[in-house]
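For reference, the chains in residue letters:
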Amino acid sequence: MKAVRRFTVRAGLPEPLRELGTLATNLRWTWHPPTQELFAAIDQGIWQRVGDPLRLLAEVPANRLEQLATDGEFLARADALSRDLRDYLTGDRWYQHRRAELAGHGAEGNGRADRMPSSIAYFSMEFGVTEALPNYSGGLGVLAGDHLKAASDLGVPLIGVGLLYRSGYFRQSLSLDGWQVEHYPVIDPNGLPLEPLTEPSGAPILVHVAMPGGRVLRARIWQARVGRVPLLLLDSDVDGNDDDLRGVTDRLYGGDQNHRIRQEILAGIGGVRAVRTYCELTGHAQPEVFHTNEGHAGFLGLERLRELMSGQNLSFDEALSAVRAGTVFTTHTPVPAGIDRFPVDLVQHYFGDGALLPDVDFRRVLGLGAEDNPGMFNMAHMGLRLAQRANGVSKLHGEVSRDMFGALWPGFDTAEVPITSVTNGVHGPTWTAREVTESIGEPGETHLADVSDSALWNLRCELRRRLVGEVRRRVRDAWLQRGASPLELAWTDTVFDPDVLTVGFARRVPTYKRLTLMLRDQERLRHLLLHSERPVQLVVAGKSHPADDGGKALIQQIVKFADDPSVRHRIAFLPDYDMSMARYLYWGCDVWLNNPTRPLEACGTSGMKAALNGGLNLSIRDGWWDEFYDGSNGWAIPTADGVGDPLRRDDLEAAALYELLGSQVAPLFYDRTDGVPAQWLAMVRHTLDSLGPRVQASRMVQEYVESAYKPAATAVELAHAEDYRAARELASYRDRLGGAWPHVRVTHCELDLHGAPVLGERVRVRASVDLAGLSPADVVVQVVVGRVTDNDELYDVVTVPMSPAEDGAYAAEVPLPHTGTLGATARVLPRHELLASPAELGRVVVAG
Ligand SMILES: *Cc1c(COP(=O)(O)O)cnc(C)c1O
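Here the structure is a predicted model, which is why all the values come from computation and not from measurement.

A.B. asks: Now, about the overall build of the protein: what can you tell me, with residues and values included?
C.D. replies: Summing up its helical and strand segments, the protein has 27 helices and 28 strands in all. Its C-alpha radius of gyration of 29 Å places the protein within 12% of the 29 Å reference for a compact globule of 848 residues. Taking the principal axes of the C-alpha coordinates as reference, the protein spans close to 95 × 70 × 55 Å. In the protein, the proportion of contacts linking residues at least 24 apart, taken out of those at least 6 apart, comes to 72%. Carbon together with sulfur atoms contributes 50% to the accessible area of the protein, which is approximately 34000 Å² in total. Of the side-chain charges in the protein, 87 are positive and 110 negative, and the distance between the mean point of each set is 3 Å.

A.B. asks: Lay out the pairing of strand β23 (residues 779-788) with the relevant residues and their values.
C.D. replies: The buried fraction of β23 amounts to nine of the 10 residues, a majority that puts the element mostly inside the structure. The sheet contact formed by β23 and strand β27 (residues 822-830) spans nine bridges and is antiparallel. Residue pairing across strands places Arg 787 opposite Leu 822, the latter belonging to β27. In this structure, β23 lies alongside strand β24 (residues 794-801), joined through six bridges in antiparallel fashion. Each residue of the ladder has a partner; that of Val 788, found in β24, is Leu 794. Between the antiparallel neighbours β23 and β24 lie five residues, among them Asp 792 with a positive phi of about 65 degrees.

A.B. asks: Which residues make up the pattern of salt bridges, and what are the values?
C.D. replies: Under the counting rule described, the total for this entry stands at 67 salt bridges. Between Glu 438 and Arg 434 there is a salt bridge whose closest N-O contact spans 3.0 Å. In this pair, Glu 438 and Arg 434 both sit in helix α18 (residues 434-440), four residues apart, roughly one turn of the helix. The class of Arg 434 is partly exposed, set by a relative accessible area of 33%. The closest approach of N and O atoms between Arg 728 and Asp 723, which form a salt bridge, is 3.3 Å. One salt-bridge network, held together by shared partners, links Arg 514, Arg 598, Arg 621, Asp 626, Asp 641, Arg 649, Asp 650 and Glu 653.

A.B. asks: Which residues make up the domain arrangement of the protein, and what values do they have?
C.D. replies: Assigned domains of the protein: these are domain 1 (15-91), domain 2 (118-421), domain 3 (496-695) and domain 4 (744-846). Summarising the inter-unit geometry, the C-alpha centres of domain 1 and domain 2 are found 34 Å apart. Taken together, the contact between domain 1 and domain 2 spans 13 residues of the former and 15 residues of the latter. Taking both sides of the interface into account, the surface hidden between domain 1 and domain 2 amounts to around 1100 Å²; carbon and sulfur atoms contribute 59%. Ranking the residues of domain 1 by area buried against domain 2 places Leu 27, Trp 31 and Tyr 88 at the top, with a combined share of 46%. Applying the counting rule to domain 1 against domain 2 returns zero salt bridges. Run the count over domain 1 and domain 2 and you get seven residue pairs in polar contact (both at pLDDT 80 or more). A total of three residues in the side of domain 1 that touches domain 2 trace back to one element, the largest contributor, which is helix α6 (residues 72-90). Classifying every residue of the side of domain 1 that touches domain 2 by side-chain character gives six nonpolar, five polar and two charged.

A.B. asks: Tell me what's going on with unusual backbone geometry, and back it up with residues and numbers.
C.D. replies: At the junction of Arg 598 and Pro 599, the peptide bond is cis and its omega measures out at 0 degrees in the coordinates. Residue placement: Pro 599 occurs in the loop between β18 (591-594) and α23 (606-612). Within the chain, Asp 576 stands out as a residue other than glycine whose phi angle is a positive 70 degrees. Secondary-structure assignment places Asp 576 in the loop between β17 (571-574) and α22 (579-588). Judged by its relative accessible area of 7%, Asp 576 falls in the buried class. Unlike most non-glycine residues, Asp 796 shows phi in positive territory, near 50 degrees.

A.B. asks: Talk me through the packing of helix α19 (residues 453-481) against helix α26 (residues 678-694); I want residue IDs and the actual numbers.
C.D. replies: As a packed pair, α19 and α26 sit with axes 11 Å apart at the nearest point and diverge in direction by 80 degrees. The angle between α19 and α26 falls in the class roughly perpendicular. Contacts between α19 and α26 involve Asp 453, Leu 456, Trp 457 and Arg 460 on the former and, on the latter, Ala 678, Trp 680, Leu 681, Val 684, Arg 685 and Leu 688. Here the residues of the contact of α19 with α26 sort into seven nonpolar, no polar and three charged.

A.B. asks: Before we move on, could you go through the sheet that holds strand β25 (residues 803-804) and cite the residues and values that matter?
C.D. replies: Sheet architecture is open: four strands sit in the order β21-β22-β26-β25, paired in antiparallel fashion. Lying at the two open borders of the sheet, with one neighbouring strand each, are β21 (745-752) and β25. Note: strand β22 (residues 762-770) against strand β26 (residues 810-815), six bridges, orientation antiparallel. Of the residues in β26, the one forming a bridge with Arg 762 is Pro 815.

A.B. asks: I'd love a proper account of the sheet that holds β18, names of residues and values included.
C.D. replies: Backbone-to-backbone hydrogen bonds join strands into a sheet, with any given pair of strands oriented parallel or antiparallel. With respect to topology, six strands assemble into an open sheet ordered β17-β16-β15-β18-β19-β20, the strand pairing being parallel. Edge positions in the sheet fall to β17 and β20 (634-637), since each has one partner strand and no second. Within the sheet, the average angular offset between the axes of one strand and its neighbour, ignoring direction, is 20 degrees. Looking at chain direction, strand β16 (residues 536-541) and β17 are connected through four bridges and run parallel. Across the sheet, the residue bridging to Ala 541 is Leu 574, located in β17. Across the sheet, helix α25 (residues 646-670) lies against β15 (501-506), β18, β19 (616-620) and β20, angled at about 165 degrees from β20, the strand it touches most.

A.B. asks: Can you break down the site of the ligand residue by residue, with the values?
C.D. replies: Near the ligand, the surroundings consist of 15 residues, among which Lys 513, Tyr 586, Thr 605, Ser 606 and Lys 609 are the closest. Between the ligand and Tyr 586, the relevant distance is 3.2 Å, taken from an oxygen atom to a side-chain nitrogen or oxygen of the residue. Contacts to the ligand include Thr 605, whose backbone N or O atom sits 3.1 Å from an oxygen atom. Here the ligand has 390 Å² of accessible area as a free molecule, and 94% of this is covered by the chains. Breaking the shell around the ligand down by element, the ones donating at least two residues are α8 (139-154), α22 and α23. The greatest single-element share of the shell around the ligand, amounting to three residues, is contributed by α22. Taken together, the residues of the shell around the ligand break down into six nonpolar, five polar and four charged.

A.B. asks: Lay out the nonpolar core with the relevant residues and their values.
C.D. replies: If you look at the biggest cluster of nonpolar residues, it comprises 99 residues, and the most contacted ones within it are Ile 265, Phe 299, Leu 302, Phe 351 and Val 828. Among the elements that make up this core, the one with the highest residue count is helix α27 (residues 697-740) (11 residues). Split by domain, the residues of this core number at least three in each of domain 2 (118-421) and domain 4 (744-846). The contact partners of Leu 302, leaving out residues within four places of it in the chain, are Phe 351, Leu 357, Val 360, Val 365, Leu 368, Met 382 and Leu 386. Met 116, Ile 120, Met 700 and Ala 712 belong to the second largest nonpolar core, which has 65 residues in total.

A.B. asks: Account for helix α13 (residues 344-351), naming residues and giving values.
C.D. replies: Of the positions making up α13, those classed as buried are Val 344, Leu 346, Val 347, Tyr 350 and Phe 351. The buried residues of α13 occupy one face: seen down the axis, they fall within an arc of 160 degrees. Its buried side turned inward, α13 meets β6 (206-211), α10 (257-282), α11 (300-312), β11 (341-343), α14 (362-368) and β12 (376-378).

A.B. asks: If you had to explain the environment of Val 665 to someone new, which residues and values would you point to?
C.D. replies: By the secondary structure assignment, Val 665 is in helix α25. Each C-alpha atom, one on Val 665 and one on Tyr 350, is 56 Å from the other, the two residues being 315 residues apart in sequence.

A.B. asks: Just give me the short version of the packing of aromatic side chains, but keep the residues and values in it.
C.D. replies: If you walk through the whole model with that rule in mind, you get 21 aromatic pairs. With a centroid separation of 6.0 Å and 70 degrees between ring planes, the pair formed by Trp 29 and Trp 47 is classed as edge-to-face. Linking Trp 29 in the loop between α1 (18-25) and α2 (33-42) with Trp 47 in helix α3 (residues 44-50), this pair joins segments that are 18 residues apart in sequence. Seen in terms of ring centroids, Trp 635 and Trp 680 are 5.7 Å apart; in terms of plane orientation they differ by 40 degrees. Their pairing is tilted. Taken as a pair, Trp 635 in strand β20 and Trp 680 in helix α26 lie far apart in primary sequence, 45 residues in all. As far as the burial class goes, Trp 635 and Trp 680 line up, both buried. An aromatic cluster of three or more residues is present, and its members are Trp 457, Trp 635, Phe 669, Tyr 670 and Trp 680. The ring of Tyr 88 has Arg 28 sitting right over it, with the charged end atom 4.4 Å from the ring centre. Looking at Lys 609, its charged tip hangs above the ring of Trp 431, at a distance of 4.1 Å from the centre.

Cut-off values and rules
For every chain, the first residue of its written sequence is number 1, and the numbers climb from 1 along that sequence. Totals for whole chains, interfaces and linings use all residues, but because this is a predicted model, local features are given only for residues with pLDDT of at least 70 and pairs of side-chain atoms are given and counted only at 80 or more. Neither water nor hydrogens contribute to the side-chain values; these are computed over all heavy atoms in the structure. For the purposes of this entry, the term helix denotes a DSSP run of H or I that reaches at least four residues, the term strand denotes a run of E that reaches at least two, and both are numbered from the N terminus. Taken over C-alpha atoms, the radius of gyration is set against a globule rule of 2.2 Å times the number of residues to the power 0.38. Throughout, a residue-residue contact means that at least one pair of heavy atoms, one from each residue, lies within 4.5 Å. Only the protein chains shown count as cover for residues, and all accessible areas are computed by the Shrake-Rupley method using a 1.4 Å probe. Note on charges: Lys and Arg go in the positive column, Asp and Glu in the negative column, and His and the chain ends are not counted at all. To locate a charge, take atom NZ for lysine, CZ for arginine, CG for aspartate or CD for glutamate. Each residue is assigned to one of three classes by its accessible area relative to the maximum for its type, calculated with a 1.4 Å probe on protein chains only: buried under 20%, partly exposed between the two thresholds, exposed over 50%. We call two strands paired when DSSP finds no fewer than two bridges between them. Criterion for a salt bridge: a side-chain nitrogen of Lys or Arg within 4 Å of a carboxyl oxygen of Asp or Glu. By convention here, the domain bounds are inherited from an automatic or database domain assignment. Two parts placed together each lose some accessible area; with a 1.4 Å probe, that loss summed over both constitutes the buried area. Two N or O atoms form a polar contact when they lie within 3.5 Å of each other; inside protein one atom must be a possible hydrogen donor and the other a possible acceptor, and for residues adjacent in sequence the pair counts only when both atoms belong to side chains. Under the convention adopted here, Pro, Cys and the residues Ala, Val, Leu, Ile, Met, Phe, Trp and Tyr are nonpolar, Asp, Glu, Lys and Arg are charged, and Gly plus all remaining residues are polar. As a rule, the C-alpha atoms of each element are fitted with a line to give its axis, helices using only the stretch in contact, and angles between N-to-C directions run from 0 to 180 degrees. Comment on the angle field: the value is read as roughly parallel under 35 degrees, roughly antiparallel over 145, roughly perpendicular from 65 to 115, and oblique elsewhere. A molecule or strand has a residue near it when one of that residue's heavy atoms lies within 4 Å. Residues enter a nonpolar core if they are buried and are Ala, Val, Leu, Ile, Met, Phe, Trp, Tyr or Cys, with the set joined through side-chain atoms within 4.5 Å. Here, the arc refers to the directions that run from the helix axis to the C-beta atoms. Each aromatic pair joins two rings of Phe, Tyr and Trp (for Trp, the six-membered one) with centres within 6.5 Å, and gets the label stacked for planes under 30 degrees apart, edge-to-face for over 60, and tilted for any other angle. Sitting over a ring, as applied to charges here, requires NZ of Lys or CZ of Arg to be within 6 Å of the ring centre and within 35 degrees of the ring normal.

In structure tokens, the structure reads:
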């Protein structure tokens, strides 16, 4: 019989155990081992199986709960933990201390006080907080989850905003011949750590978004509690929605462009409405800063434009100045093909009739998403045009992004494009094995020097042993799923060896990640796996996008190789990579392998999680590894950057990988003195010591606070002050600039040179400028000095502002920055107090 409806009945807890409900619904338990232990103590067996307090409470027999309700020791433990949680939720943390410190500085009165925002909204299409709330597909979601957790630990007043998908992720299994098969488990929000936002009457609060043809898309708002951070998730599966609209939040990244734009409209526009409602209802401060995690949620900026235009009577451009001041945009893709784009017709369909965003001129909306192809609307371009601050997610990715989006700032060198970088990080308490923290201490306060080599080695061996147990269990389950009989699976009890060098490779499988690079020369791989003294074992996992048959074919190649009885004890493909499997891999692998095509990995974070546990990275110098590799914390696989033929490049890089594994990695691992690999452990120590603190999401969130949230909040305060004076002025300034700029000229530029100057000597530069009616206060005039190429292109430049001289010209003294052949020029740039960078408006006039 098939059920026509599913629903979940929550356990009624005996009164003395009421606090368990709070401990179970606040997701802080996911990174707080003492709370996990409390729940495990209720019923070890159920805990082992479900690993989720809410499900445990739903399954545990009522008489066990009654027994615990009279167990003084248990009640005392629960009470202590719930007090600990309350302290965690309400006490001052880093952010509050930092704010007090800045308030102290502000009182000294030097310059405009930096403002720490009282609230920040963080929008993302996916959030991977825990497997108990499956609402993510991969790295982007896990990163967003880690961002919330670290913000909570630091006391940063963040509100997360996204969608709740009926099938938030898919489960992967394999067919007999190794082809990926997807299942879409359906969630019931009532059984998850979520509460609906309701009116005081108990009626669910609905967000409304207009759809074409006079229809309305409604969504409920579910709240998850991620420590101190509320996470609001919109759900369109509500009574009153037309059937097709009920399905808007059915699947993450499922469906066609039409489905996707509806999801993004709900996340962005509905998301802002949900935050507004949440803040009104709870008294939480309204966000000053909006952070768009990737372009998908970019419509949020349009809703804020509408709010200001309808509510404050600002023009589009005035509102744009204010919205930009408070928006931070993070881009995650280094490939144009990875960018979210919609046909203009589709955007017209949803926005064109004006019902969705009354008062906002649709043509201006189109302008925000304009790109080279006039038929397409580009979400990343809109993200950049709506955000005054933008960043990539590693240093290298920052460079790639400045290059990729440079055309939006014509006339500027790539280095000046106003896209910075904040390198991703991972949430230590989530991803570090408890035993590691217990043995060596918290990141940044480790006492590694007191840990002997043999203790450190025992720790690593224990983590590897646990992984091997997990591999055996999963290999067996996978074969049962593929149709094997238990009778033929005895061999799975002995796959993998707890003493063999263990290499992990797990990730989604878009082409650029090169899942099958290791198979380029199958004989060499076989040789490494089966080496008589220094064998390697390889655990592989990864999901392909359901629509990507190319990715599925790559998985099949790995599976076919690993199915071979002569190697299957040394290589395994584990289906259904997710957070619960990932944990074992990050804990137990000795080496974490990553071999993307450089520079297509924006950051990558799985290697960071391995490093936290003493795993060594063996990776192409891409993303974070390009920046953090230091020669002794792992290995860099050399890249064949210049080689145009991709197959030849793969051959070269695969050969380099085999070479490193066989002649450096394995020998070091198996070089033992008194049973311990001393040189290997030296690298493990160095990794834990030097990478441990730097790969933390807390470091990342602190950087966002200092370099983005704080300046954005300061700019917002300025933009909003005195009835939006600065925002209005910036709009009229942009308008004036638009008229005058085509006529602005640097008419003359000369250097006061006598003979051959020496390095560091100050040279006087003069320039004459025609401001075409602008006032000197409207512009910055700069001299630019640097090296020159054969055709006089400047590079390695320094810029020095010039001051108006008596005769109406501009002058500056410039210390010469380099030896050799130099060049110089002068240029004019816009100046306004609300601009974050002189490149911001994409306007510059250069001499000549
Ligand atoms: C960390 C993580 C990722 C991201 O890993 P990359 O190195 O960015 O590919 C993906 N999935 C899960 C489950 C993770 O924990």
